[in-house]
Amino acid sequence: MKVLLVCSSGGHFKGLFQLEPFWSRHSRRWVTFDTPTTRMALEGEHVHWAYSPTNRNLPNLLRNTLLSWSVLLHHRPNLILSTGAGVAVPFLILGKLLGHRTVFVESITRIETLSLSARLALPFIDVLYVHWPQLQTRYPRAELIGAGSRAAVAPAQDVAR
């Protein structure tokens, strides 16, 4: 399976990197921001450096939309997996419109409401994972992950089929 891993740097990157037991078994490419941490952690990986900052930055939104178009058409992933944030939105929307499967893992810090990125991309997300029952109650189609729940990597593999 070809997986495209899309995330901002910092906590979003850390969260996606922690899913290594899933993504390490597949052909993959990354889209994230070029920072000392991401550059070191992704040494030897196929990476497309996205444009930052994304918060309230229309020029970078347009640049990342063009990047998403280029990456998706050239690499044609089976699955787009993201933990957010803003950089994920054009990849998830365009990816779904192009027929790719999409999975979004919401931040563990989101207890009662979805992040702006998740809300914007929600209509284009095949599987939404959340960490808190309160959030799953507000978004019944979300799947609960975390202690005592099914691991995210098995359903993510299923959604790619």
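Each chain carries its own residue numbering, running from 1 in the direction its sequence is written. Per-residue local features are limited, in this predicted model, to residues with pLDDT of at least 70; the limit for side-chain atom pairs, both in listing and counting, is 80 or more; totals at the level of whole chains, interfaces and linings are taken over all residues. Only hydrogens and water are set aside; all other atoms, that is, all heavy atoms of the structure, feed into the side-chain values.

Draft legend 1. Quick look at helix H4 (residues 58-75). The helix and strand labels rest on DSSP assignments: H or I over at least four residues marks a helix, E over at least two residues marks a strand, and numbering proceeds from the N terminus. Given a helix with a known number of residues, its expected span is that number minus one, times 1.5 Å. Compared with the 26 Å implied by 1.5 Å per residue over 18 residues, the 25 Å span of H4 between its first and last C-alpha is a close match. Of all the positions in H4, only Asn60, Asn64, Leu67, Ser68, Val71, Leu72 and His75 are classed as buried. The arc that holds the buried residues of H4, viewed along the axis, is 120 degrees, so those residues lie on one side. Exposed residues on H4 whose side chains face more than 90 degrees from its buried face are Leu58, Leu62, Leu66 and His74. Packing partners of the buried residues in H4 comprise strand S1 (2-7), strand S2 (27-33), strand S3 (47-50), strand S4 (79-84) and helix H5 (88-97). Two N or O atoms count as a polar contact when they lie within 3.5 Å, although within protein this holds only if one can serve as hydrogen donor and the other as acceptor, and sequence-adjacent residues are included solely when both atoms are side-chain atoms. Capping the start of H4 is the job of one residue whose side-chain oxygen sits 2.9 Å from the backbone nitrogen of Asn60: Asn57. Backbone geometry just after H4 places Arg76 at a positive phi near 45 degrees. Per-residue accessibility, obtained with a 1.4 Å probe over protein chains only, is compared with the maximum for each type, and a residue is labelled buried under 20%, exposed over 50%, and partly exposed between these values. Comment: arc refers to directions from the helix axis out to C-beta atoms. In what follows, a contact means two residues having at least one pair of non-hydrogen atoms within 4.5 Å.

Draft legend 2. Geometry of the sheet that holds S2. Strand pairing follows a simple DSSP-based rule, namely that at least 2 bridges must link the two strands. One open sheet holds the 7 strands; their spatial order is S3-S2-S1-S4-S5-S6-S7, and the pairing between them is parallel. Edge strands, defined here as strands with exactly one partner in the open sheet, are S3 and strand S7 (143-144). The pairing of S1 with S4 spans 5 bridges and is parallel. Each residue of the ladder has a partner; that of Val6, found in S4, is Ser82. Axis definition: a line fitted to C-alpha atoms, limited for helices to the stretch in contact. Angles are taken between N-to-C directions and run from 0 to 180 degrees. In the packing of H5 onto the sheet, the strands contacted are S1, S2, S4 and strand S5 (101-105), and the crossing angle to S4 comes to about 155 degrees.

Draft legend 3. Geometry of the environment of Gln134. Here Gln134 shows up in helix H7 (residues 133-138). The partly exposed category is assigned to Gln134, whose relative accessible area is 37%. Through-space distance from the C-alpha of Gln134 to that of Thr113 is 8.7 Å; in sequence the pair is 21 residues apart.

Draft legend 4. Spotlight on the layout of surface pockets. Two kinds of site are reported from a 1 Å grid over the protein atoms alone, namely cavities, where a 1.4 Å probe fits but cannot get out, and pockets, open sets with protein on both sides within 12 Å along at least five of seven lines, and residues are called lining when an atom falls within 4 Å of a point. Grid points are joined across faces, edges and corners, and a volume is the space filled by probe spheres set on the points. Here the largest pocket defines a volume of roughly 520 Å³. Lining the largest pocket we find 26 residues, and of these Thr54, Asn55, Gly86, Leu116 and Ser117 sit closest to its centre. Listing elements by their share of the lining of the largest pocket, those giving two or more residues are H4, H5 and helix H6 (116-121). Looking at side-chain class alone, the lining of the largest pocket contains 10 nonpolar, 13 polar and 3 charged residues. Residues were grouped as follows: Ala, Val, Leu, Ile, Met, Phe, Trp, Tyr, Cys and Pro as nonpolar; Asp, Glu, Lys and Arg as charged; and all remaining residues, including Gly, as polar.

Draft legend 5. A look at H5. Burial of H5 is extensive: 7 of the 10 residues sit out of reach of the surface. Buried positions along H5 lie against S1, S2, H4, S4, S5 and H6.

Draft legend 6. Highlighting the packing of H4 against H5. The contact between H4 and H5 brings their axes to 9 Å, and the two run at 40 degrees. When the interaxial angle is binned, H4 and H5 end up oblique. Our pair here, H4 against H5, has a crossing hand that is right-handed. On H5, the residues touching Leu61, Asn64, Thr65, Leu67, Ser68, Trp69, Val71 and Leu72 of H4 are Pro90, Phe91, Leu94 and Gly95. Of the residues belonging to the contact of H4 with H5, the class tally is 8 nonpolar, 4 polar and no charged. Angular relationships are summarised with four words: roughly parallel below 35 degrees, roughly antiparallel beyond 145, roughly perpendicular across 65 to 115, and oblique for the angles in between. Each crossing is labelled by how the near helix is turned from the far one, with a counterclockwise turn of less than a right angle marking it left-handed and a clockwise turn marking it right-handed.

Draft legend 7. Region of the structure containing the pattern of salt bridges. Each salt bridge in this description consists of a side-chain nitrogen of Lys or Arg and a carboxyl oxygen of Asp or Glu lying within 4 Å of one another. Taken as a whole and judged by the stated rule, the model has 4 salt bridges. Residues Arg28 and Glu45 are paired through a salt bridge, measuring 2.8 Å at the closest nitrogen-oxygen approach. With a gap of 17 residues between them, Arg28 in strand S2 and Glu45 in the loop between helix H3 (36-41) and S3 connect regions that are remote in the sequence. The partner of Asp126 in a salt bridge is Lys96, with the nearest N and O atoms 2.7 Å apart. One end of the pair, Asp126, is in the loop between H6 and strand S6 (127-130); the other, Lys96, is in helix H5, with 30 residues separating them in the sequence. A relative accessible area of 23% places Asp126 in the partly exposed class.

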